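Here is how the chains run, residue by residue.
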Amino acid sequence: MIKRSSFFLWLRYNNDMKEKKDDTRDPLYKEISLKIIDFMIEQHWQEGDKIPNEYELAQVFHVGRGTVRKAIAELVRIHILEIRRGKGTFVCENLHFHDEKIREAYHAMEYDRGLYLLQIRALIEPWAAKENKLSAPVRSAWLAYEKADGEQRMEQDIAFHEAILASTANPLLPQLNRYVSDSIKAIDDARPDEAFFRRVQKEHRQICEAIEEGDHDLAYALVLAHIEHDSEFLKEAKHAIL
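Residues numbered from 1 in each chain as written. Predicted model: local features only at pLDDT ≥ 70, side-chain atom pairs only at ≥ 80, totals over all residues. Heavy atoms only, no water.

*Asks:* Which residues make up the overall build of the protein, and what values do they have?
*Replies:* Looking only at helices and strands, the protein has 10 helices and 2 strands in total. Starting at the N terminus, the α and β elements of the protein follow one another as α-α-α-α-β-β-α-α-α-α-α-α. Residues counted as buried form 44% of the 242 residues belonging to the protein. Within the protein, contacts between residues at least 6 apart in sequence are counted, and of these 69% link residues at least 24 apart. Within the structure as shown, the protein displays about 13500 Å² of accessible surface, and the carbon and sulfur contribution to it stands at 49%. (Helix = DSSP H or I, 4+ residues; strand = E, 2+ residues; numbered from the N terminus. Buried < 20%, exposed > 50% of the residue type's maximum accessible area, 1.4 Å probe, protein only. Contact = heavy atoms within 4.5 Å. Areas by Shrake-Rupley, 256 points an atom, 1.4 Å probe, with all protein chains shown as cover.)

Following this line, the structure appears as structure tokens:
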């Protein structure tokens, strides 16, 4: 398995440098280059996307523009970013890394983030389903998912789970919707097949029925199982690239 630390070590020692055994730190610009990669994943930047300019990135990371410029140069050197004259800086098309392991590690980091988000959902959403007071919004979202196809299915998947959070007596839960949407987008990036969508469709129906029937314990168990199935899907997708 290629772990996140392996990716970081490659960035730091890709010129065949031997691993240092002292406590000296890498230059600040290399630390920022790693943070830019994290930011790429968090913001769901795709290949070919234009990234913020030096000033904006300097504001995000609270460093000088010179440091950001060096960090970008580092990422350009290893073919993660590219500079287009007169247009700006972009994520490389097809991310042609020098080393295939880096491509694998980059995508593994994306899947890891999705799995972490699902862990957060597993702590929140089953409880919300158990405490659900309004079944109508959940049913409406479920029916919309039933009718959706293509890219609309992911949008309606997000709407279904957001309806679960919004239909409780706790007014703060809807503020956690981003954990739902971001985790589902991570699943979408793994390119689920028709079998995946059929499974989701069935589980949504079961969750909706449990909430409508007032079977709170069953609703809790079904949502938890649904999130666990999504986690298994992401783990398999990650394993496929390693």
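Having put the structure on the table, let's press on.
*Asks:* Could you give an account of the packing of aromatic side chains, naming the residues involved and the relevant values?
*Replies:* Applying the stated rule across the entire model yields 4 aromatic pairs. An angle of 85° between the planes, with centres 5.5 Å apart, marks the rings of Phe-196 and Phe-197 as edge-to-face. When its relative accessible area of 10% is taken as the criterion, Phe-197 is described as buried. Each member of the aromatic cluster is reached from another via a ring pair, and the members are Phe-39, Trp-45 and Phe-61. The positively charged end of Arg-84 is found above the aromatic ring belonging to Phe-90, 3.9 Å away from the centroid. Cation over ring: Arg-153 sits above Phe-197, and NZ or CZ is 3.8 Å from the ring centre. (Phe/Tyr/Trp six-rings, centres within 6.5 Å; stacked < 30°, edge-to-face > 60°. Lys NZ or Arg CZ within 6 Å of the ring centre and 35° of its normal.)

*Asks:* Could you give an account of the packing of helix α7 (residues 152–166) against helix α9 (residues 194–212), with specific residues and numbers?
*Replies:* One way to put it is that α7 packs onto α9 with a least axis distance of 12 Å and a crossing angle of 25°. Between α7 and α9, the angle is such that the two are roughly parallel. Seen from above, α7 lies across α9 with left-handed handedness. Residues Arg-153, Met-154, Asp-157, Phe-160, His-161 and Ile-164 of α7 form the contact with α9, whose participating residues are Glu-194, Phe-196, Phe-197, Val-200, His-204, Ile-207 and Ile-211. In terms of residue class, the contact of α7 with α9 is built from 8 nonpolar, 2 polar and 3 charged. (Axes fitted to C-alpha atoms, helices over the stretch in contact; angles between N-to-C directions. Parallel < 35°, antiparallel > 145°, perpendicular 65-115°, else oblique. Left-handed = near helix turned anticlockwise from the far one by under 90°. Nonpolar A, V, L, I, M, F, W, Y, C, P; charged D, E, K, R; others polar.)

*Asks:* So, a negative patch on the surface: which residues are in play, and what are the values?
*Replies:* Together, Glu-151, Glu-155, Asp-188 and Asp-189 make up a negatively charged patch on the protein surface. For Asp-189, the location among the structural elements is in helix α8 (residues 177–189). Residue classification places Asp-189 among the partly exposed positions, given a relative accessible area of 35%. (Patch = residues over 30% accessible without salt bridge, like charges linked within 9 Å, V, L, I, M, F, W, Y side chains within 5 Å. Salt bridge = Lys/Arg side-chain N within 4 Å of Asp/Glu carboxyl O. Lys, Arg positive; Asp, Glu negative; His and termini not counted. Charge placed at Lys NZ, Arg CZ, Asp CG, Glu CD.)

*Asks:* So what's going on with α8? Residues and values would help.
*Replies:* End to end, α8 covers 19 Å across 13 residues, agreeing with the expected 18 Å (1.5 Å per residue, within 8%). Three or more residues of α8 are buried, namely Asn-177, Tyr-179, Val-180, Ser-181, Asp-182, Ser-183, Ile-184, Ala-186 and Ile-187. (Expected span 1.5 Å × (residues − 1).)

*Asks:* Could you give an account of the nonpolar core, with specific residues and numbers?
*Replies:* Val-138, Phe-160, Ile-164, Phe-196, Ile-207, Ile-211 and Leu-234 are the most contacted members of the largest nonpolar core, which has 35 residues in total. Residues in contact with Leu-234, not counting those within four places in the same chain, are Tyr-111, Gly-114, Leu-115, Leu-118, Ala-186, Ile-187 and Ala-190. By size, the runner-up hydrophobic cluster in this structure holds 21 residues, among which are Trp-45, Phe-61, Ile-78 and Val-91. (Core = buried A, V, L, I, M, F, W, Y, C linked by side-chain atoms within 4.5 Å.)

No statement about biological role is implied by the geometric values presented.
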